[in-house]
Each structure stands twice: as structure tokens, then as C-alpha cells.
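# Remarks on the overall topology
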Amino acid sequence: MCISFSAIKKLEHIKFLPSGISGDCELGVSLKSVAELFTGALFAVSIWMYRRDGRFMGFLLRFFAANCALMAVLAVAQLKSGANMVYWTFPSGASFYGTFYYVNSACAFLFLGFAAASASAVLDFCGKLKYIKLFAWILCGAAILCAIYFSSSVGAKMSAVLFAGFAIAIALFAVLRRFCGAKIAAAALAIAIFAAIPAAVYGLNRGFESLPKTKQDSLAGRFKMYEFSKYVFMKAPILGSGADSYQYIVQSHPNYKNSAFSGKNLNSPHNELIAFACEYGVVGAGAVVAAFILWGIAVFKSRRVLGFANALIAGGVAVSVIHSMFDLFYHEPSVMIALCLMMALAAAPMRKFLGEGRGFGLK
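Because the structure is predicted, anything quoted here is derived from the model rather than measured.

Cut-offs applied
Residues numbered from 1 in each chain as written. Predicted model: local features only at pLDDT ≥ 70, side-chain atom pairs only at ≥ 80, totals over all residues. Heavy atoms only, no water. Helix = DSSP H or I, 4+ residues; strand = E, 2+ residues; numbered from the N terminus. Buried < 20%, exposed > 50% of the residue type's maximum accessible area, 1.4 Å probe, protein only. Lys, Arg positive; Asp, Glu negative; His and termini not counted. Salt bridge = Lys/Arg side-chain N within 4 Å of Asp/Glu carboxyl O. Contact = heavy atoms within 4.5 Å. pLDDT = per-residue confidence, 0-100. Axes fitted to C-alpha atoms, helices over the stretch in contact; angles between N-to-C directions. Parallel < 35°, antiparallel > 145°, perpendicular 65-115°, else oblique. Nonpolar A, V, L, I, M, F, W, Y, C, P; charged D, E, K, R; others polar. Core = buried A, V, L, I, M, F, W, Y, C linked by side-chain atoms within 4.5 Å. Phe/Tyr/Trp six-rings, centres within 6.5 Å; stacked < 30°, edge-to-face > 60°. Lys NZ or Arg CZ within 6 Å of the ring centre and 35° of its normal.

## Considerations on the side chain of Glu279
- Topologically, Glu279 is positioned in helix H9 (residues 272-301).
- Of the side chains with opposite charge, Lys32 lies nearest to the buried Glu279, which makes no salt bridge, at 10 Å.
- Sequence-distant contacts of Glu279, that is, excluding residues within four places in its chain, are made with Leu239, Gly240, Ser241, Gly242, Ala243, Asp244, Ser245, Tyr246 and His331.

## Notes on the environment of Leu273
- With respect to the element layout, Leu273 can be found in helix H9.
- Apart from the residues lying within four places of it in its own chain, the contact partners of Leu273 are Ala285, Val289 and Met325.

## Details of the environment of Met225
- Checked against the element boundaries, Met225 lands in helix H7 (residues 213-235).
- Residue Met225 is classed as buried on the basis of its relative accessible area of 6%.
- Between the C-alpha atom of Met225 and that of Asn271, which follows or precedes it by 46 residues, the distance is 9.6 Å.

## A look at the confidence of the model for the protein chain
- For the protein chain, per-residue confidence averages 83 on the pLDDT scale, and residues scoring 70 or more make up 86% of the total.
- By mean pLDDT, the top-scoring element of the protein chain is helix H11 (residues 333-346) (95), and the lowest-scoring one is helix H12 (residues 350-354) (63).
- Scored below 50 in pLDDT, residues 354-363 makes 37 contacts in the model with residues more than four places away or belonging to other chains.

## Focus: the packing of helix H3 (residues 103-123) against helix H10 (residues 308-324)
- Between H3 and H10, whose axes approach to 8 Å, the crossing angle comes to 170°. Considering the angle they form, H3 stands roughly antiparallel to H10. Across from Phe111, Leu112, Ala115, Ser118, Ala119, Val122 and Leu123 in H3, the residues of H10 making contact are Phe308, Ala309, Leu312, Ile313, Gly316, Val319 and Ser320.
- Taken together, the residues of the contact of H3 with H10 sort by class into 11 nonpolar, 3 polar and no charged.

## A short note on the nonpolar core
- Within the largest apolar cluster, 66 residues are counted, with the highest numbers of intra-cluster contacts made by Phe64, Tyr97, Leu110 and Met342.
- Those elements that place two or more of their residues in this core are helix H2 (54-80), H3, helix H4 (130-150), helix H5 (154-180), H9, H10 and H11.
- The element that contributes the greatest number of residues to this core is H3, accounting for 16 residues.

## Focus on the packing of aromatic side chains
- On inspection of all chains with the given rule, the structure shows 10 aromatic pairs.
- Taken together, the ring pairs connect Phe64, Phe100 and Phe109 into an aromatic cluster.
- Here the guanidinium or amino end of Lys80 rests over the ring plane of Phe150, the centre of that ring lying 4.1 Å away.
- In this structure, Lys130 packs its charged tip against the face of Phe125, placed 5.0 Å from the ring centre.

## Describing the environment of Val45
- Along the chain, Val45 turns up in helix H1 (residues 30-49).
- For Val45 and Ala344, which are 299 residues apart along the polypeptide, the C-alpha to C-alpha distance reads 9.5 Å.

## Digging into the pattern of salt bridges
- Applying the stated criterion across every chain, the model contains 2 salt bridges.
- As a salt-bridge pair, Lys32 and Glu36 come within 3.0 Å of each other at their nearest N and O atoms. On the criterion of helical spacing, the pair formed by Lys32 and Glu36 is a turn pair, its members being 4 residues apart in helix H1.
- Using a relative accessible area of 29% as the deciding quantity, one classes Lys32 as partly exposed.

In C-alpha cells, the structure reads:
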């Protein structure tokens, strides 16, 4: 007599499913990383649904810019007073800045706030009090720039310079477009940009040479991480090795113990896209790229109801993304949420509801 039966076998991992890391939450584990990622994703979906409400989005733009200015004042005050605790109250063993426990994340957040303050100045340059409002936003922007200047974040300082160049280019395009038409204005701007490339390269080289040796080694070392990142990526190229797994898997590289990173906590490749590719595979990195492509399409489709303020916000997003190719600050939920907010603001028809100074409008 034959009796059939079924049993459940305990498996450590199902190979065709994504991997994960279990450990101390403070050091980085999959559950914590996925929770942070979903926080940003849910916020992005929520705020995107409100992007057509120009008045509400205009309020959020001003609120975000003003709060960044306040945090900038706090950061400089703590730095100049020699504070060794956040708010002079909460101990921190890290290089905290403002309300953040890591200076690079703080400055990435502040940079987005500077782009928001610039856009707010453009939107509010209308009405009887336009010069007073413009002056107020200039003060906010100046406070944020001071905080970035006094910080140790080289990337944020370079981002501010790049954003300034972008803002000048857009303003010149707006002026030339009125007198010469869009095609001639675009051609003239393209020629000016190509002509400025050698000067920009020269300036970057001089700026790099003027940095302290520790900063030069830090920047140069990030390119050396790519060898290790390729190794981690090839371990699971489709779905990735799991959230926050990079720091654990990289240590199994044959050359890791003899490298400059031996004995250090190499917790990321300091490149957001590569980090997503390593930990979430082609599927995860592809989803991130697709999200930005869809965002760009949405902004382009809405261009007729957008203005100079939206262009500044979009420029801030673009510069921040470029910065993220050399650092890892979107893994900080606050910075991730700020980026999602700015992406929605870039597509919001704020000029239609709030008005925009004629001197700045892209009409």
C-alpha cells in the first residue's frame, strides 16, 4: 500500500528571489533600506498627484526653501560656536551638520533648498512688494550658500557653481528668445556652452589641485571603487545582491584585503546608480532610470504652462543627480524626499496660478 504525503522544507533562500541582509539596523540591513526606499516612493506618488495644484505646490516650494534657509543658519551657528552635539543637545559621533548627522547629506539637501529659494525669488517677483520679496529670498539663498561654503562638502560647492552657470544660461536664452527667436537663441547658447568647456575643465583641474591631500585622495579613491563594484554587481546582475549588501559582499573580493580600503567600512560605491545596480540589479537600476525618463517626459509635455522658476527647479534636480554620481546621499530619506518634492515642483504650473515676474518669464 503506497501513501503519498507533502512536507514543507525550510530553505535559507530561494535563488530566483532577491537576496537580503540581516543584522544590526544601525550598520545597514535590507529591512531598513527597503523601508527607507518605500518612504521615498510613497511620498513621490503622493506629491505627484498634487502637482497640478499650482497654489499648493507654490506654498510647498516656499516652505521648503524657507526651512532650508533656517537649517543653513543653524548649521553655520553650530559650526562657528564649536558645537559637538546636534542642537547643542544630541550627541553625535559623526560629522554632523545642521540637523543632519552627515555633512555631505546635509549639503545635498541644502543645495536643493538653494534651487528652491532661487525659484521662489522668480515666482515672487511680481506685485507691489516684489522687491521686498525678492530681497527676502536673496537673503535665504545667501544663507544657504554660506552654509555650503563653510562646509567640507566639495560636491555641494561644485553643484552650486554648476547651478549658477545653468541659471545664467537659461536667463540668457529667455532674453535672446524675445529678440531673436527660439532657434537662434538655442544655437547661440549652444556655441557659448561649447566655448566655455575648456575654461570649465581648466577650472576643475585647478580646483582639484588646490584641495588638501586628504580631499584629493578621497575623490580619486572613488574611481578605484569601480573595480570592486563590478565584482559585487556580477554576483547577481539581474535582481541584485540585496539592499545594503554591498558593504558585506565587497569584502570577499580577492584584492580587497590588499587594497587601500582594507580595514575600512566600504559601505557603498559612492555612486547612486551603481549602488542601485549592485544591490537591486539591472531591474532596480532600470526602474530608477525609467522614473527619471518619465519625469523628463512629463516636464516636457507641460512646458507650455511652466516658467523660468520650473526651469530652475529642473536644473537643480539635474545638478543634484550629477552630484549623486560621485556620492551616496539619496539613501538618506530626507534628501530622497526633497528630491521627489523638487521633481514634482518642476512639473507644477505655479506660474499659471501665482503669477511670475515678466522680467523672468519664459514666454
